[in-house]
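Observations on the model geometry
What follows is the residue order along each chain.
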Amino acid sequence: MKRFRRHGQESQRDRLKQDLYQFNKTVEHGFPHQPSALGYSPSLQLLAIGTRSGAIKLYGAPGVEFMGLHDENAVVTRVHFLPFQLELVTLLDDNSLHMWTLRAHKGVSELLEIGRFTLTGPPGAPPSVTRVTSVLAHSSGELLLLGTEGGHVFVVEVPGFRELEERNISLDQVANSVPEDYIGRRNLEHVETLQENPVDPNQVVIGYGRGLMVVWDLEKHQAVQHIPATQQLESTWWTEDGGHILSSHSDGSYCRWTVGGQSSKDEEEKSDIPYGHFPCKAISKIVQLPTEEGPPFLLFSGGMPRASYGDRHCISVIHGKTHVALDFTSRIIDYFVIRDGPLHTGDPGALVVLVEEELVVIDLQTEGWPVIQTPYLVPLHSSAITCSHHVSAIPLKLWERLLAAGQLQITHYSPKPWPITGGQNLGQDPPQRDLLLTGHEDGTVRFWDASGVCLYPMYKLSTAGVFHTDADPNDNMNQSSEGEWPPFRKVGCFDPYSDDPRLGVQKIHLCKYSGYLTVAGTAGQILVLELNDEAAEQTVEAKIVDLLQGQEGFRWKGHTRLDVREEPVLFPPGFQPFALVQCQPPAVVTALTLHSEWKMVAFGTSHGFGLYDYQQKNSVLVKCTLNPSDQLAMEGPLSRVKSIKKSLRQSFRRIRRSRVSLRKHHVTNSAKLQEANARLEAELAEMELAPVQRKIEARSSEDSFTGLVRTLYFADTFLSDSSHNSASLWAGTNGGSVFAYMIRMPSVEHRADEPITAHPAKEIQLMHRAPVVAIVVLDGHGSPLPEPLEVAHDLARSPDMQASHQLLVVSEEQFKIFTLPKVSAKLKLKLTALDGSRVRRVGVAWFGSSRTADAGESGLVVLTNQGDLNVVSLPSVKMQVQHPCIRREDVSGIASCVFTKHGQGFYLISPSEFERFSLSARNVVEPRSLVEVPAHATAASKRRAAPEGASADNGNARRDDADTESTARSVMEHALLNDEQVLQEIQKSLEGEPTLS
């Protein structure tokens, strides 16, 4: 009987686990790492981006997102949508072509790979014969034209990938149609470009690398016209009326050629070099689009003077007398123009540019051509991310104030709505408002709306204004002088160079109820800020806190502290600093917490910790935790050698200034140039020491930094006896020590004038001396204590102060429960006994039941150095579930992980992307979208996209899944099988039907 009862209890517990816990990787936020290809479907209004790691990502209206991953770890070099269909084709650098489709399943579209194909040449032919260099998706939606390195053009039927050998265009056929004098003069080389005639789908222009362009008739299978350009060809563009072809070339020129009638061998080659007369870089792509009234838009990338501006990444836009060279922040991958009108044949509306580090959209209809704010694909790494902080369930009042402050920062953006609107977002509205705060290397804190699928920028706070930095106010990269040629205009927000690495934000803590924020940085600075709806001018005075407490024999060898501005500073609406604590030595702040009800901030470094009363602006407590034998703690992270970034920054500034000077005076002084080069070489030689310094920084052992403060925690609990509770501060160090201080708070009436005092109450030394990563106090019910002001706002029940409290200490190796106030060990769970795992990240979360609205339980979410996620129950400290999440080799991903209060989390999968995951069965944020065939698509494409028999497998493969390979294989098999079934049904339905002429 006992055995059956135990079995019943276990099965009930398993069902409860299923109701509470479910692991999913749900969505990727941010900008794709290392993008390599861009595609756009005007009919579907979907954007596609391919990456160097083989990922393919589709974006439509905000919330409409899809992701696929090629089995091959190869670079995506081309992405082409089939016109008016749900299919798209990708070309990889291994020369394989892949067919993808958006197939509906249970009312939601999924991105599935349904076929792959590689061109095969005749036996014994060299690989260049079939290496694809250019792709044209024909407007019929039934053909792909593939130009190759060998000069041939292969015609392939899609979506089945069947080569139509009788329609192929061989190099010999083209050569026979071209005058002998041209062929004899030069080799045609590879097919550089393929372009379809907008008014006659039977005609395509084949552009060869050496410059020759041939207009080919697909129906008659013969050359109609040849265009004998002499410069190396980069791209072609067929004007909308079909009357002209534009060609761009490697010397920075472009030509306009008349199409139709007689052969144009006698046509004089008239080239235009927009930025001549000195040698220019290639124009890699050219586009011309008409307008209903007025001159056409001409756009081209590249073409800059090689010597002066060869390092610029530019797209020039010319419309009538308006000429602007848009200067981007990184290398241009590709671009396209979205046109207005129901059939997207109207005036150019927006220019969409994919560069290496961001996506930029320019409004071409508003005067001044402003940038349109992107609702997704925002470059999270515009300055490198240094830390993250998540806050759940933001009150509406705070949310609206943040939005209002953020709106004042984006007045330079276009008022035009986001132009990419494909698909339907079927996801439910978020149940609550969530914030993700990211700290950055340049001293900024960015606030993101993390409630839904899109990580939307709300507000940006800069802390640099409080300090004097190395920034030169006259050194503005965005400035452009009147009459400058080329007419540059900086666009984009990616700026990886920090003016001073000491500004880097290391810790953030926001109280959502009071609107107080504290931000701590690399040079020991802790700012306390308050939300203000109006601009204010004020002086911020620094309170110096000596964490060494006068200990002798120690000399700080690291960076100096930041110099605080003594004069008043005008702060814009938003978060404004009113208090500043400066730690001495100015080491990196390693722990930070805020108690807005008590109006106190606790902070810790590798030397000790302190407590600061920001109402009275007094230091309450300072404790030195430095081990006398730990000399490594006196080495700053920026010591011995200048920061490599600072050296680079200064070098770039000198180069820019020298160029500006040369352009202004139009003189070249060889002696000064040699001197500048010698100075630059000396700086580079100095910078070669940086790797040696990095080795010293990375050196660590079990005994290093034992005094480093890892965690700080405020609690109202029992320290002296079991009948009197009091405010307390708890600190855990890298050496396994836990310090508890009792805080004596004055009455509310005397809070502003009576000083707060803190006295040591307890000290625990863990036997295994493992670093303490988290401290939590549990109330009489075994529940974690609520956040400050949470009970006052009726958002949490009051903690149980009748029964005894318990202390949970989480070290890297184990979870240990102590009774309070006696601090005697009660329970423990050892993590390392299983596989040598160590705790890296810990968070307290509430797991709500997916079946019952009010049911749920609190638990600890734990991430280990193996990349595994665990949930540990409270207060019984028993392991509930375990899931592999991050590759254990991905140290930066594990270090960047942040948990939410409702069982979700984020971690960086690249410098520019967060992966979002969920351990909760109730709280899941994932894209749910439907993309349908356009109304003017063919009946056959509608049948191909029909949901009957569609695969139930999820096509949005995730790059870290343990079962990625087998999942992708099963998806492939199902997709191929179902596609064959659909084609058979189409064939049956067509049998016996009369042919329509």
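Throughout this description, residue numbers start from 1 for each chain and increase along the sequence as written. In view of the model being predicted, local features appear only for residues whose pLDDT reaches at least 70, and side-chain atom pairs are presented and counted only at 80 or more, with totals across whole chains, interfaces and linings using the full set of residues. Only hydrogens and water are set aside when side-chain values are computed; all heavy atoms of the structure are taken into account.

**Some points on the overall build of the chain**
The number of helices and strands found in the chain is 12 helices and 63 strands. Burial classification: accessible surface area is computed with a 1.4 Å probe over protein chains only, and a residue below 20% of its type maximum counts as buried, one above 50% as exposed, and the rest as partly exposed. Considering the chain as a whole, with its 997 residues, one finds that 54% of them fall into the buried category. Contacts: residue pairs with any heavy atoms within 4.5 Å of one another. Across the chain, contacts joining residues at least 24 apart in sequence account for 60% of those joining residues at least 6 apart. As displayed, the chain offers around 44800 Å² of accessible surface, 49% of which is attributable to carbon and sulfur atoms. Each helix corresponds to a stretch of at least 4 residues labelled H or I by DSSP, and each strand to a stretch of at least 2 residues labelled E; elements are numbered beginning at the N terminus. All accessibility values rest on the Shrake-Rupley procedure with a 1.4 Å probe; residue burial counts only the protein chains present in the view.

**Structural notes on the packing of aromatic side chains**
Pairing of aromatic rings covers Phe, Tyr and Trp, the last through its six-membered ring, and needs centres within 6.5 Å; plane angles under 30 degrees mean stacked, over 60 mean edge-to-face, and all others mean tilted. Tallied over the full model, the rule gives 23 aromatic pairs. A ring pair is formed by Tyr907 and Phe917, whose centres lie 6.1 Å apart and whose planes are at 40 degrees; its orientation type is tilted. Here Phe917 lies in strand β62 (residues 913–920) and Tyr907 lies in strand β61 (residues 904–910), a separation of 10 residues in the sequence. Looking at Phe917, the relative accessible area reads 1%, which means it is buried. By way of ring pairs, the aromatic residues Phe23, Phe899, Tyr907 and Phe917 are connected into one cluster. Whether a charge sits over a ring comes down to the Lys NZ or Arg CZ being within 6 Å of the ring centre and within 35 degrees of the ring normal. The ring centre of Tyr335 lies 4.7 Å from the NZ or CZ of Lys285, which sits over that ring. One cation-aromatic arrangement involves Arg312 over Phe488; the distance from NZ or CZ to the ring centre is 4.2 Å.

**Describing the environment of Gly736**
Here Gly736 shows up in the loop between β49 (724–733) and β50 (737–744). For Gly736, a relative accessible area of 0% gives the class buried. Through-space distance from the C-alpha of Gly736 to that of Arg710 is 9.8 Å; in sequence the pair is 26 residues apart. Beyond its immediate stretch of four places on either side in the chain, Gly736 contacts Ile764, Gln765, Leu766, Arg769, Ala770, Pro771 and Val772.

**Topic: the sheet that holds strand β25 (residues 322–328)**
In spatial order, the strands read β22-β23-β24-β25-β35; together these 5 strands make up an open sheet with mixed pairing. At either end of the open sheet lies a strand with only one pairing partner, and these are β22 (283–289) and β35 (488–490). Taking the axes of each pair of neighbouring strands and ignoring which way they run, one obtains an average angle of 20 degrees across the sheet. Of the pairings in the sheet, the one linking β22 to strand β23 (residues 297–302) comprises 6 bridges and is antiparallel in character. One requirement defines pairing of two strands: DSSP has to find at least two bridges between them. Angles here are taken between N-to-C directions and fall from 0 to 180 degrees, while the axes themselves are lines fitted to C-alpha atoms, restricted in helices to the stretch in contact.

**Here's the deal with the environment of Trp485**
One can find Trp485 in the loop between β34 (467–468) and β35. Taking the C-alpha atoms as reference points, Trp485 and Val324, 161 residues apart in sequence, are found 9.7 Å from one another. Beyond its immediate sequence surroundings of up to four residues, Trp485 is in contact with Pro274, Tyr275, Tyr309 and His323.

**Examining the pattern of salt bridges**
By definition, a salt bridge exists where a carboxyl oxygen of Asp or Glu is found within 4 Å of a side-chain nitrogen of Lys or Arg. Enumeration according to the criterion identifies 25 salt bridges in this entry. Among the ionic pairs, Glu240 bridges to Arg339, the shortest N-O distance being 2.4 Å. With Glu240 in the loop between β18 (233–238) and β19 (244–249) and Arg339 in strand β26 (residues 332–339), the pair connects residues that are 99 residues apart, well separated along the chain.

**Here's the deal with the pairing of strand β31 (residues 435–440)**
Among the 6 residues that make up β31, 6 are buried, leaving the element largely enclosed by the rest of the structure. Bridge count between strand β29 (residues 385–391) and β31: 6 bridges; the pairing is antiparallel. The residue bridging Cys387 from the neighbouring strand is Gly439, located in β31. With 5 bridges joining them, β31 and strand β32 (residues 444–449) adopt antiparallel strand pairing. Bridged to Gly439 within β32 is Val445. Here β31 folds back onto β32 in antiparallel fashion, the turn holding 3 residues, of which Gly443 has a positive phi close to 90 degrees.

**A few points about helix α5 (residues 396–407)**
What a helix should span is 1.5 Å times the count of its residues minus one. Spanning 12 residues, α5 covers 16 Å between terminal C-alpha atoms, matching the ideal 16 Å at 1.5 Å per step. Where α5 is buried, its residues touch β31, β32, β33 (456–462), β38 (525–532) and β43 (574–584).

**Things to note about the sheet that holds strand β20 (residues 254–258)**
The antiparallel open sheet is built from 4 strands, whose spatial order is β18-β19-β20-β21. Only two strands of the sheet have a single partner each, and these edge strands are β18 and β21 (271–272). In terms of strand pairing, β20 meets β21 through 2 bridges, oriented antiparallel. The partner of Cys255 across the bridge, within β21, is Ser271.

**Section: unusual backbone geometry**
Looking along the chain, the bond that leaves Gln584 and enters Pro585 is cis, with omega of -5 degrees. Structurally, the position occupied by Pro585 is in the loop between β43 and β44 (591–595). Looking along the chain, the bond that leaves Leu874 and enters Pro875 is cis, with omega of 5 degrees. Locating Pro875 in the fold gives a position in the loop between β58 (868–873) and β59 (879–884). Of note, Lys106 is a non-glycine position whose phi angle comes to about 55 degrees, a positive value. Among the structural elements, Lys106 can be located in the loop between β8 (96–105) and β9 (108–118).

**What about the environment of Thr522?**
Residue position: Thr522 is located in the loop between β37 (516–521) and β38. Each C-alpha atom, one on Thr522 and one on Lys507, is 9.2 Å from the other, the two residues being 15 residues apart in sequence.

**Thoughts on the pairing of strand β6 (residues 76–81)**
Note: β6 against strand β7 (residues 87–92), 5 bridges, orientation antiparallel. Bridged to Arg78 within β7 is Leu91. With antiparallel pairing between neighbouring strands as the criterion, β6 and β7 make up a hairpin whose turn holds 5 residues, including Phe84 at a positive phi of roughly 60 degrees.

**Some points on the side chain of Gln288**
Within the secondary structure, Gln288 is located in strand β22. Residue Gln288 is classed as buried on the basis of its relative accessible area of 12%. Here a polar contact is recorded for every N or O atom pair within 3.5 Å, except that within protein the pair must consist of a potential hydrogen donor and a potential acceptor, and residues adjacent in sequence are included only if both atoms are side-chain atoms. Of note is the side chain of Gln288, whose polar atom sits 2.8 Å from the side chain of Arg256. Apart from residues lying up to four places away in sequence, Gln288 is in contact with Trp237, Thr239, Leu246, Arg256, Pro296, Phe297 and Leu298.

**Here we look at the side chain of Thr148**
Structurally, Thr148 is set in strand β11 (residues 143–148). Judged by its relative accessible area of 0%, Thr148 is buried. Engagement of the side chain of Thr148 in a polar contact is seen with the backbone oxygen of Val129, the distance being 2.9 Å. In contact with Thr148, not counting residues within four places along its chain, are Leu119, Ser128, Val129, Thr130, Arg131, Val132, Thr133, Phe154, His190 and Val191.

**Remarks on the confidence of the model for the chain**
A score between 0 and 100, pLDDT records how confident the predictor is in each residue. On average, residues of the chain score 85 in pLDDT, and 82% of them reach the 70 mark or higher. Between residues 639–644, whose pLDDT stays under 50, and residues either more than four places distant or in other chains, the model counts 16 contacts.

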